[in-house]
Amino acid sequence: MKKLMVIIALSLIMMVSTVWSGTLQDIQKKGVLTCGISEGVPGFSIPDSTGQWKGFDVDMARAVAAAVLSDPQKIKFVSLASKQKIIAVSSGQVDLTSRTTTWTLKRDAKQGVDFTKIVFYDGQGFMISKALGVDSATKIDGATVCVTAGTTSELNLADFARLHGLKIEVLVFDGKKEALNAYATGRCDCFTTDVSQLASLRTTLAKPQDHNIMPEVISKEPLAPLVRHGDNQWKDIVTWVINGLIAAEEYGITAANVLEMKEKSNYPVIQRMLGKSGDTGSYLGLDKDWLVRAIQAVGNYGEIYDRHFGPSTKLNIPRGVNKLWTQGGLQYALPIR
């Protein structure tokens, strides 16, 4: 019996060590985080004139790099089409995908990936040329609609057309750029994807003012970074870095004041978050300053949102449901304790 108990104990130890080893160690060994990113969606992820990736999704990934590698620049971005974004993670091509990806049952349960934390609540909409005189997506009977392959938009579009008895022709493209170009050149009467992306991509058209986004939002699109299924430690790290950025906004911690808040705040929650007391980093296999580095690198959630979507940007997308829960929105950070 004693021998059996020893064997069971050793088996459990092996199981635990298997769960708690993998992606983090690989990243730290190679000294770089590999992240899947979009092909270029203004506001979310797009290379600037020097080739440096900028955007909301980019900053989320840089926060993770800062937490695990102490440097937000130690990151390699891999541009992925919609149909590539899941398999690139599940196959190990990338460590993380931060790329406007909707959290769905099929993807989460059947495609070898785990979602982390919802960073943007969105919904699918339609963009139509003003010249067509259409004021509602329910009036697109007989229209040709552009959509991107490998997205939730295809199924949502089919459901919407069936629900409203619409006969439409669907043109499916491998990439969002190809779909948008087809729309811009008149091959399609309308273009459908997430509303935030429609607002973003409209700014790249020759005459953005000539295109309307219809009032209908036909789906729920909770967007979240994803990691390969089975590495619990790595999933926890990405999840809690994002939780930390949201919590930082709630408690008024910014990129500019994070070090001062760490040293001077007498609020126990802030002391614990920033490593002044306790050791939350040890729960993740990181040091005490993991969240301090992430906030220093990109700021809190609100700073990231305003930098890429705020009133001073070309996009100017109202936060809406992406406000903090304390402001009537859905963004709610789990407690760091």
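Please refer to the structure placed before this passage.
Counting starts from 1 at the beginning of each chain's written sequence and moves along it residue by residue. Side-chain atom pairs in this predicted model are given and counted only at pLDDT of 80 or more, local residue features only at pLDDT of at least 70, and totals for whole chains, interfaces and linings cover all residues. The basis for every side-chain value is the complete set of non-hydrogen atoms in the structure, without hydrogens or water.

### A word on the sheet that holds strand β8 (residues 124–129)
The pairing of strands in a sheet comes from backbone hydrogen bonds and takes either a parallel or an antiparallel form. In spatial order, the strands read β10-β9-β11-β8-β12; together these five strands make up an open sheet with mixed pairing. Edge strands, defined here as strands with exactly one partner in the open sheet, are β10 (169–173) and β12 (211–213). Neighbour-to-neighbour, the strand axes of the sheet open up by a mean angle of 25°, direction not taken into account. Strands pair, by our definition, only if DSSP identifies at least two bridges between them. Here a helix means four or more residues in a row that DSSP labels H or I, a strand means two or more in a row labelled E, and each is numbered from the N terminus. By the bridge criterion, three bridges tie β8 to β12 in an arrangement that is antiparallel. Across the sheet, residue methionine 127 finds its bridge partner in β12, namely isoleucine 213. Axes here refer to lines fitted to C-alpha atoms; in helices the fit is confined to the stretch in contact. Angles between the N-to-C directions go from 0 to 180 degrees.

### Considering the pairing of strand β1 (residues 33–37)
Of all five residues in β1, five are buried, a share of seventy percent or more. Partly exposed describes any residue whose relative accessible area lies between the buried limit of under 20% and the exposed limit of over 50%, with all areas from a 1.4 Å probe on protein chains only and scaled to the type maximum. Of the two faces of β1, the one holding Leu33, Cys35 and Ile37 and the one holding Thr34 and Gly36 are both buried throughout. Pairing between β1 and strand β4 (residues 75–79): five bridges, direction parallel. Within the sheet, the bridge partner assigned to cysteine 35 lies in β4 and is phenylalanine 77. Here β1 pairs with strand β5 (residues 96–97) via two bridges, running parallel. Paired with glycine 36 across the bridge in β5 is threonine 97.

Purely geometric stuff here, so don't read any function into it on its own.
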